[in-house]
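Below, each chain spelled out in residue letters.
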Amino acid sequence: MDFSISEEQRMFQESVYRFAKNQIAPLSEEADLKGEFNFEIWQKFGEMGLLGLPVPESYGGSGADFVTCCLAGEAVGHAGVDGGHILAWGAHTYLCAANILQHGTEAQKERYLPKLCTGEWIGCMGLTEPGCGSDAAALTTTAVCRGDRYILSGSKTFITNAPLAQVFVIFATLDKEKKHKGITTFIVERDFPGISTGKPMHKMGCRASATSEVFLDECEVPIENCLGGEGNGWLIALGGVEWDRSTLIAPFLGGHTFMLENCARYANQRRAFNRPIREFQSIQNRIADMKVYIEAARLAIYRIAASKDSGVALNPLTAAVNKMYVGDRGFETASEGVDLFGGYGYIHEYPVERIMRDAKLGQLGGGTSDIMRMIVARFLMM
Amino acid sequence: MDYELSEGHKRLQAEMGAFCREKIAPGAALLDVAPFEEAAARMKANLKALASAGYLPLCLGTDLLGRSVAGEELARACPATFLAATSSAILFGRSVKRFGTEAQQERYLPSIAAGDAIGAFACTEAEAGSDLGGMAVTAEKRDGRWILNGEKDLVTNAPIADAFLILAWTDRNTGLEKGTGFFLVPRSAEGLTIEKPSETMGLRGALTSSVRFSNCAIGEEALLGEAAGAGYNQMAAVMEEVKLAVAALGIGIGVACMEESTRHGKTKKAFGKPIGLFEGVGAKLAIMFTLNDLGRMMTHKAAWAMEQKDPESAVLNSCAKLFTSEAAGRIADLAIQVHGGHGYLKGTAVERLYRDARFAAIAYGTSEMQRAFIAKESLDRFRDA
């Protein structure tokens, strides 16, 4: 048993932290306030190699393993970068590029990965629909094979990056009768006839990320753009969970560390009743609860990353535990961060309220906490 | 980075689990309700069995991760036995092992390891728990002997112990860190009175009572490590190992509650199906699983960090103790609810586990003290000049 990271990993994490703190975080407050995606941030992510982190160097990436990807995500969160840009990065790299990397043909990888790695193309993944989220297998977007193309019809919603994306990984069904087994994955390009995206949605948190519906209206997809073979979509979606439960949520861990540091500094300097408020137990209790959360979340996330790197298949039980705890307890402790700051906690310039709004997504996106509990309960009941 | 237990620890876990299921678990319910004489006899027999199984020697050694792994299995089978074993082998035994003179170690450790003698450890008093500065027990040097006066409360194992470690003032004026001694007192010492057993809410098989000293005279050789003034620091050092042990207790109770609740969820039917299939029950099982799973990782990391002498180990240890102890309480509460009306009856396992669980968030550093300690570390680290 070994919980340490190597010196090389530590130095890498340190360099990502410094980059994010100096070059990205200063732009976050305004981006979140306006709810606007900042392309300068995106370009810098690309130049730093973050967008293609897990992609092999031969396709323009950095060839990083799961643990390294988590370290980078944690560092960016720790630097105080807003949830919006972090989510945009996560969806692009781990929900879109990673799928193409893991399931793509050589031709698909060569076409899409290099530009996704630089960030010239923005990618997204569309599974959720207006009529089905938790019950993802009940999706109604259809795909029909006609000669040398598939024709896709239906709509997706809550798709991170959709308004800005060139590359869409879309899940549709070839045969509803086959249920899970009919679901198939497709790579759709913005230029293909019949695809359009809706207006960006206004969200509680992660506001700088662009989120919208995706409309497929007899969208024509070349036959060679089927990803991973017909009928394999459900397995591909489940497989994507391993990224979602580790690399995608690692920034939450960093964000909470950022919050803890801000809370500690504030508690040291803010005075009430003739003393710094750190002397009050109600303040200490919140700091302690944040620290406990951080240590537990760290273990949960890196356990998955470390076992993936050792070649162990993802344990769905572990994944569900992760998501549930990181999401639920994350939001609770983020709310305590706001409490600690008192009135100032409610004001946008103090970063805690943004952390709380961003943290709410942890309980909802990528699988709700209710579903996580359902997954664990089903396992226990077997 | 590697989250897997070593092969050796996996074997230990399996063997300890099998041993506890067979030899310890069956007596757990009875220990909770047995009258004093019977409880004392059963606990002594359990400790002897744990000695033969290698658990007491493990507690005296330095394999902290092994202790956590094996300890969880024991706590799951019988939390009361876990507490008694911990009090004897870790609180008492490790104090002697780490700080005793060779003679003191030779006198006590072999019989503690063999389960032939039982140790007890006394710090808490009526006016001193979290704040040991409020202690009143004194040790006065007179004619080459130490004279102890005062009373210690809540001494686990006192009714059955052969030897006690007592924290007492040697010089109150110099304060806790320089003015206390840890004294080895045999049961036979004159002036030592073991009061009748206290009635505790839970862990009732771990017999507990107050211990009173009236001019109790012991020899010079009774001072642990012959280190005058060092008692509090010795105690604090061993307390780190005790915190780790209490974390294992929390997980063990949590796992026992989860297993009982899962079994109930599968077998009890309502409205046409096993109740575990209703979210109202299933979600609770999921929370139990999650808290145990995370608590276990935190405890293992704390053990690893302590073995590595990692500067973060004290905070991680505190985080683990806080998390698992509060988790045990929450899990036990959920378990009663899952069992419905029958959960409210004496004789149902979760009723006992609920009372057992309550101990964890109080003992060996209350949750309040853990939070204060954890917060201080962060507050001190992140302050602008």
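All values derive from a computational prediction rather than experimental measurement.

*Asks:* Just to check I follow, could you spell out the overall build of chain A for this structure?
*Replies:* Secondary structure summary: chain A contains eleven helices and ten strands in total. For 382 residues, the compact-globule formula gives about 21 Å, and the C-alpha radius of gyration of chain A, at 21 Å, lands near that figure. On the principal axes, the C-alpha backbone points of chain A span a range of 80 × 50 × 40 Å. Out of the 382 residues in chain A, the part that is buried amounts to 58%. Across chain A, the fraction of contacts at a sequence separation of at least 24, relative to all contacts at a separation of at least 6, is 75%.

*Asks:* Explain the pairing of strand β2 (residues 142-146) of chain A to me, please; I cannot follow it from the model alone.
*Replies:* Consecutive side chains along a regular strand alternate between the two faces of the sheet. Residue and element names in this part refer to chain A. Here β2 pairs with strand β3 (residues 149-160) via five bridges, running antiparallel. Paired with Arg146 across the strands is Arg149, a residue of β3. Adjacent in sequence and paired antiparallel, β2 and β3 are bridged by two residues, among which Gly147 carries a positive phi angle near 65 degrees.

*Asks:* Quick question: what am I supposed to make of the interface of chain B and chain A here?
*Replies:* One frequent convention defines the size of an interface as the accessible area lost when the parts assemble. The partner chain A presents 36 residues to the 39 residues of chain B that form the contact. Elements supplying a minimum of two residues to the side of chain B that touches chain A: α8 (231-267), α9 (279-307), α10 (313-339) and α12 (367-381) of chain B. No other element matches α9(B), which puts 14 residues into the side of chain B that touches chain A. Looking at the side of chain B that touches chain A, its residues break down into 22 nonpolar, eight polar and nine charged.

*Asks:* Would you mind showing me how to read the domain arrangement of chain A here?
*Replies:* Residues and elements named next belong to chain A. Parsing chain A into structural domains produces domain 1 (7-122), domain 2 (124-237) and domain 3 (249-381). Between the C-alpha centres of domain 1 and domain 3 the distance comes to 22 Å. Taken together, the contact pairs 16 residues of domain 1 with 19 residues of domain 3. Where the side of domain 1 that touches domain 3 is concerned, the elements lending two or more residues are α1 (7-34), α3 (66-78) and α4 (83-103).

*Asks:* Would you explain helix α7 (residues 102-113) of chain B in this entry?
*Replies:* Along an α-helix, a turn takes 3.6 residues, which lines up residues three or four apart on a common side. All names here are of chain B. The terminal C-alpha atoms of α7 lie 16 Å apart, and with twelve residues this matches the ideal 16 Å at 1.5 Å per residue to within 8%. Within α7 the residues assigned to the buried category are Gln104, Tyr108, Leu109, Ile112 and Ala113. Around the axis of α7, the buried residues are gathered within 120 degrees of arc, so they sit on the same side. Of the residues in α7, the exposed ones pointing more than 90 degrees away from the buried face are Glu102, Ala103, Glu106 and Pro110. Contact partners of the buried residues in α7: α3 (36-52), α4 (55-60), α6 (79-99), β1 (119-122), β4 (163-169) and β5 (180-186). Looking one or two places after α7, you find Gly115, whose phi comes out positive at around 75 degrees.

Definitions and limits used
Residues numbered from 1 in each chain as written. Chains lettered and ligands numbered in written order. Predicted model: local features only at pLDDT ≥ 70, side-chain atom pairs only at ≥ 80, totals over all residues. Helix = DSSP H or I, 4+ residues; strand = E, 2+ residues; numbered from the N terminus. Rg over C-alpha atoms; globule rule 2.2 N^0.38 Å. Buried ≥ 20, exposed ≤ 12 C-beta atoms within 10 Å, placed from the backbone. Contact = placed C-beta atoms within 7 Å. Pairing = 2+ DSSP bridges. Nonpolar A, V, L, I, M, F, W, Y, C, P; charged D, E, K, R; others polar. Domains from an automatic or database assignment. Expected span 1.5 Å × (residues − 1). Arc of directions from axis to C-beta.

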